[in-house]
Protein chains: 2
Amino acid sequence: MLDVCLLGTSGMMPLPNRFLTSLMFRYNGSSMLIDCGEGTQVSIRMKGWSVHDIDIICITHFHGDHVSGLPGLLLSMGNSNRTEPVIMVGPKGLEKIVSHLRVIAPELPFDIKFIEISKESEELILNGYRINAFKLNHNVPCLGYSVDIDRNGRFMPEKALEYNIPQKYWSRLQKGETIEEDGVTFTPDMVLGGPRKGIKVTYCTDTRPVDNIVEHAMNSDLFICEGMYGEKDMIGKAREHKHMTFYEAATMAKRANVSQLWLTHFSPSVIKPESYLEEVKKEFSNTVIPKDRRSVVLEFDKNE
Amino acid sequence: MLDVCLLGTSGMMPLPNRFLTSLMFRYNGSSMLIDCGEGTQVSIRMKGWSVHDIDIICITHFHGDHVSGLPGLLLSMGNSNRTEPVIMVGPKGLEKIVSHLRVIAPELPFDIKFIEISKESEELILNGYRINAFKLNHNVPCLGYSVDIDRNGRFMPEKALEYNIPQKYWSRLQKGETIEEDGVTFTPDMVLGGPRKGIKVTYCTDTRPVDNIVEHAMNSDLFICEGMYGEKDMIGKAREHKHMTFYEAATMAKRANVSQLWLTHFSPSVIKPESYLEEVKKEFSNTVIPKDRRSVVLEFDKNE
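All of these numbers come straight from a predicted model, not from anything done at the bench. (Residues numbered from 1 in each chain as written. Chains lettered and ligands numbered in written order. Predicted model: local features only at pLDDT ≥ 70, side-chain atom pairs only at ≥ 80, totals over all residues.)

**Describing helix α3 (residues 70-79) of chain A**
Counting buried positions along α3(A) yields 8 of 10 residues, so the element is predominantly enclosed. Those residues of α3(A) that fall on the buried side of the exposure criterion are A:L70, A:P71, A:G72, A:L73, A:L74, A:L75, A:S76 and A:M77. Packed against the buried residues of α3(A) are α1 (40-47), β4 (54-58), α2 (64-67) and α4 (94-101) of chain A together with α2 (64-67) of chain B. (Buried ≥ 20, exposed ≤ 12 C-beta atoms within 10 Å, placed from the backbone. Helix = DSSP H or I, 4+ residues; strand = E, 2+ residues; numbered from the N terminus. Contact = placed C-beta atoms within 7 Å.)

**Structural notes on the environment of A:H63**
Residues and elements named next belong to chain A. Structurally, the position occupied by H63 is in the loop between β4 and α2. Classification of H63 as buried rests on a count of 20 C-beta atoms within 10 Å. Separated by 109 residues in the primary sequence, H63 and R172 have C-alpha atoms spaced 44 Å apart.

**Topic: the sheet that holds strand β16 (residues 294-298) of chain B**
Residue and element names in this part refer to chain B. Pairing within the open sheet is mixed, and its 7 strands lie in the order β6-β5-β4-β3-β2-β1-β16. Strands at the two margins of the open sheet, each flanked by one partner only, are β6 (112-117) and β16. Adjacent strand axes in the sheet meet at a mean angle of 15°, parallel and antiparallel pairs treated alike. Pairing analysis gives 4 bridges linking strand β3 (residues 30-34) to strand β4 (residues 54-58), with the strands arranged parallel. Along β4, the bridge assignment pairs L33 with I57. Sitting on the sheet, helix α1 (residues 40-47) is in contact with β1 (2-8) and β2 (22-27), with an inclination near 130° to β1. (Pairing = 2+ DSSP bridges. Axes fitted to C-alpha atoms, helices over the stretch in contact; angles between N-to-C directions.)

**Some thoughts on unusual backbone geometry**
Note that the residue after A:T205, namely A:D206, is joined by a cis bond; omega there is 0°. For A:D206, the position within the fold is in the loop between β12 (196-204) and α7 (211-217). Of note in this structure, A:N81 is not a glycine but carries a positive phi near 65°. For A:N81, the position within the fold is in the loop between α3 and β5 (86-91). With a phi close to 55°, B:N28 is a non-glycine residue in the positive phi region. Under the C-beta neighbour-count criterion, B:N28 is labelled exposed, with 11 such atoms within 10 Å.

Written as structure tokens, this is what we have:
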């Protein structure tokens, strides 16, 4: 069960009633944040979620609207008496940027471990989240993230009985653990069926449409993608500033065969993003124009 | 006429419906801001005031809740096409702190001029604001600010006639200008009466109560002062963290003979600051527990 909350939908600057774009996950007691603009910590409180449990912070790029809330968030995490280390993931230069911003948050009661991504794409497995960071096409180095919650194969008790595996080990094998005792080894593949579909969420902002997005977002349950402009004739401005129109995002969603698209990172000039929904749906029908703090609980398929 | 708006009333961290403490002035087409926490630019927009016209930014100290909104504000001022320089005033180290924070706002279309205060107190006259910065007593170097709008003496046309001053010069003399023409000098004191009471606002946060506050806040029309705690028995915590209770702030207000006190910088633990109002009023009757964006227009006394 993966909790997903889009904490804000604004791009460029925070507005009254429109926080900067940021995404938060909760899974298995561990929270993960992607991007942290000015005000993100307030939106987390408005949602009623906790800053204390954020174990992983991924940053897409170092433009102000995606990182300006970091020092405040780190201070608040410290004030919540967090002592466990935090893992930060981002483009090359992350540690330097964060150390500059920490001029106003020099003392924290927890350590920060930095993972800087410099390859075209990189996979990390952290706290049960399988994270793929991949290059986008913006005017500064920028990363998209897809987050998978993998699901083991179905447990087959008949196989466990066949192999004479003591029942006390069943639950651990089911969770993927290998067990060695008295010179005998039991492996999960002895009792588990083939892998089942997990949960996949992909988050892409800021970027032009590129094949890399389609590839990494492929078959996502939820694709959260920037749409800076709702008016079709803003395509020129989108190209110039390396952003996307709603329709370009929808084309990516269609090509990537995702289940649902949530648009975000609206330009302050887009007063009513929902007014473009009907038109965008012609491109990709399962498009949502979310309000701040739209959330969803994604679950494994009960029929598998 | 001086517009004053208390943009937020929170201390330590921004909360839903309670922005971080920050004060904004508008006078004669030039705006001035004191402190800029995370979210300050949003509160300015909610008030309907403009970030474009902020010519002066004063910082009390470098704790996150007083400066974390700076890079975002500067970026938004840039996005509003401001090109005129901005003057920043603050404790020693200001330029260094701001340069670190600007790692995410490296390119701005305007210059920033820094004035670092290292004396016990210092007077600056900027854009018609007479600003006195003075030392407070916090756990890091911290400044209070009093802001005066001075008022010239009353114009006396009978004196102008007596001195045979051509009428075309009257208005300039009235504004305090000295005029030389054809070897004759006309000075404002020839036509103006004695100085009249101006407008004075004093802003003090974060600090313990000290005589310096009483001295600089003396006779203010409006005294905006931190009150971190409303419960009287929090005095120990106030001393430990170098803050004040509501009652200590009220005592300062009384000693400084101010017209009105607005409390601010409430601890997140103070859920209903207004519940302490009755008790605080016993100390200083003209106390206000403001909500975010409380504002007032202060005018020169019409009877003087």
